Amino acid sequence: MTLNVKKAELHCHIEGAASPALVKAQARKYGADVSTFIADDHYVWSDFTEFLAAYDGAAALFRSEEDYALLARTYLEGIAAQNAIYAEIFVSPDHAAAAGLTAEAYLNGLGEGIEAARSATGIECRMIIVGVRHLGAEKVEAAARLAATRPHSLITGFGMAGEERFGRVADFTRAFDIARDAGLGITIHAGELAGPESVRDALDHVRPSRIGHGVRASEDPDLVRRLADEGVVLEVCPGSNLALNVYPDITSHPFDALRREGVKVTLSSDDPPHFHSSIGHEYQLVADAWGYSSAEMTGFTKTSIEAAFVDEPTREILL
Ligand code: HPA
Ligand code: ZN
């Protein structure tokens, strides 16, 4: 039942969507060794810092426009097969630069992959440029300035990923002001590994329409009310939260409690193979845990489309 509902995801890091098999193929292409972060057919890491290292290791093996076209196409065709109709991917020009690729080549490659997947399956996709928080405010501002130039027609948002416990949200206000002034949609990672104060700081200093994760807001009833009152949409990634031990099991996860308090919740896979997930798995996880009907599951997809950083004609078609 659930597996057949239309799905959408707003929160997937494109380098984090590379399967171990694809990364191993890239390693063979470039004569690289991946044994520090891939064993057999799975990623190896034991905490968030090691996860970020595995992510960086995989990203370093995508070095050309064609490599990124292949990655985007593979990811999107994979989720289209799970009945996904729309996705937003986080793209990180800093990761491309570390692999020796210009932002232009990076975004063009991703754009080609997106167009190929759309032609093959009908899936729509937009890109959100992210700054990497633990690289510091200057780098994040540079990413925002790049995003503000709209370097590709499929760039519709700006966000910040990386180590949520690095620095203070206030350090990054200028980056978000630049992106907002350019008319981009705004989202920020907060409230996964850091507590409710990180979500409050994000609301106060960044004024996002969406928050990446945000689930730790559930520890503060006033903050939950504020999220509901202000209509802020949470990009909830239950599989990521479980893999990173934020919650011991799905029944302890606040997804349903937040929903019942009137917070707008959506479902995403974050870095699917790292967290042994996929958008289909995320939908199945919550459907099994709380017994949602097809109509309720479709409601999460509708919330995603309503909160998507996409032009109105496309939104109307998707809804
Ligand atoms: N969380 C935060 N930063 C990230 C992630 C993530 O899951 N993936 C890549 N950068
Ligand atoms: Zn994320």
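These numbers come from a predicted model, not from an experiment.

Topic: the overall build of the protein
- What the protein contains, in helices and strands, is 14 helices and 10 strands.
- Whereas a compact globule of 319 residues would reach a radius of gyration of roughly 20 Å, the protein reaches 18 Å, a difference of no more than 12%.
- The C-alpha extent of the protein, read off along each of the three principal axes, is 50 × 45 × 45 Å.
- Taken across its 319 residues, the protein has 52% of its residues classed as buried.

Examining the site of ligand 1
- Around ligand 1 sit His13, Gly16, Tyr55, Ala161, Gly162, His189, Ser240, Asp270 and Asp271, and that is every residue in its neighbourhood.
- Here the shell around ligand 1 is composed, by residue class, of two nonpolar, five polar and two charged.

Description of the UniProt feature "active site" (unreviewed entry) in the protein
- Following the UniProt record, the feature "active site" (unreviewed entry) maps to Glu192 here.
- Checked against the element boundaries, Glu192 lands in the loop between β7 (185-190) and α8 (196-206).
- Ignoring sequence-local partners within four residues, the contact set of Glu192 consists of Glu164, His213, Val215, Arg216, Asn241 and Val246.

Examining the sheet that holds strand β6 (residues 155-161)
- In space, the eight strands of this open sheet follow the order β1-β4-β5-β6-β7-β8-β9-β10, with parallel pairing throughout. The sheet is open, and its two edges are formed by β1 (7-13) and β10 (264-267), each paired on a single side. Going across the sheet, the axis of each strand differs from the next one's by a mean of 25 degrees, ignoring polarity.
- Pairing analysis gives five bridges linking β1 to strand β4 (residues 84-91), with the strands arranged parallel. Looking at β4, one finds that His13 is bridged to Phe90.
- Where α8 meets the sheet, it contacts β7 and β8 (210-213), and its direction lies at approximately 155 degrees from that of β7.

Looking at the UniProt feature "domain: Adenosine deaminase" (unreviewed entry) in the protein
- The sites that carry the UniProt feature "domain: Adenosine deaminase" (unreviewed entry) are, in the present numbering, residues 7-319.
- End C-alpha to end C-alpha, residues 7-319 measures 11 Å, and it is 48% helix and 17% strand.

Quick word on helix α5 (residues 103-121)
- Over its 19 residues, α5 extends 27 Å from the first C-alpha to the last, a length consistent with the 27 Å expected when each residue adds 1.5 Å.
- Here α5 has its buried residues at Tyr106, Leu107, Gly109, Leu110, Gly111, Gly113, Ile114 and Ala117.
- At its buried positions, α5 is contacted by α3 (65-80), β4, α4 (93-98) and β5 (124-132).
- Looking at the residues trailing α5, positive phi occurs at Gly122, about 90 degrees.

Quick look at the nonpolar core
- Ile14, Ala72, Ala87, Val91 and Ile129 are the most contacted members of the largest nonpolar core, which has 98 residues in total.
- The dominant element in this core, judged by the number of residues it contributes, is α3, at eight residues.
- With sequence-adjacent residues up to four places away left out, Ile129 is seen in contact with Val91, Pro93, Ala143, Leu146, Ala147, Ile155 and Phe158.

Some words on the environment of Ser209
- Within the fold, Ser209 resides in the loop between α8 and β8.
- Expressed as a C-alpha distance, the spacing of Ser209 and Glu112, which sit 97 residues apart in the sequence, is 28 Å.
- Those residues within four positions of Ser209 in sequence are excluded, and the remaining contacts are Gly185, Ile186, Val232, Val233 and Ala307.

Brief notes about unusual backbone geometry
- At His213, a residue that is not glycine, the phi angle is positive and equals roughly 80 degrees.
- Relative to the assigned elements, His213 resides in strand β8.

Parameters and conventions
Residues numbered from 1 in each chain as written. Chains lettered and ligands numbered in written order. Predicted model: local features only at pLDDT ≥ 70, side-chain atom pairs only at ≥ 80, totals over all residues. Helix = DSSP H or I, 4+ residues; strand = E, 2+ residues; numbered from the N terminus. Rg over C-alpha atoms; globule rule 2.2 N^0.38 Å. Buried ≥ 20, exposed ≤ 12 C-beta atoms within 10 Å, placed from the backbone. Near = placed C-beta within 6 Å. Nonpolar A, V, L, I, M, F, W, Y, C, P; charged D, E, K, R; others polar. UniProt positions renumbered as here; feature names shortened; annotations may be inferred. Contact = placed C-beta atoms within 7 Å. Pairing = 2+ DSSP bridges. Axes fitted to C-alpha atoms, helices over the stretch in contact; angles between N-to-C directions. Expected span 1.5 Å × (residues − 1). Core = buried A, V, L, I, M, F, W, Y, C linked by C-beta atoms within 7 Å.

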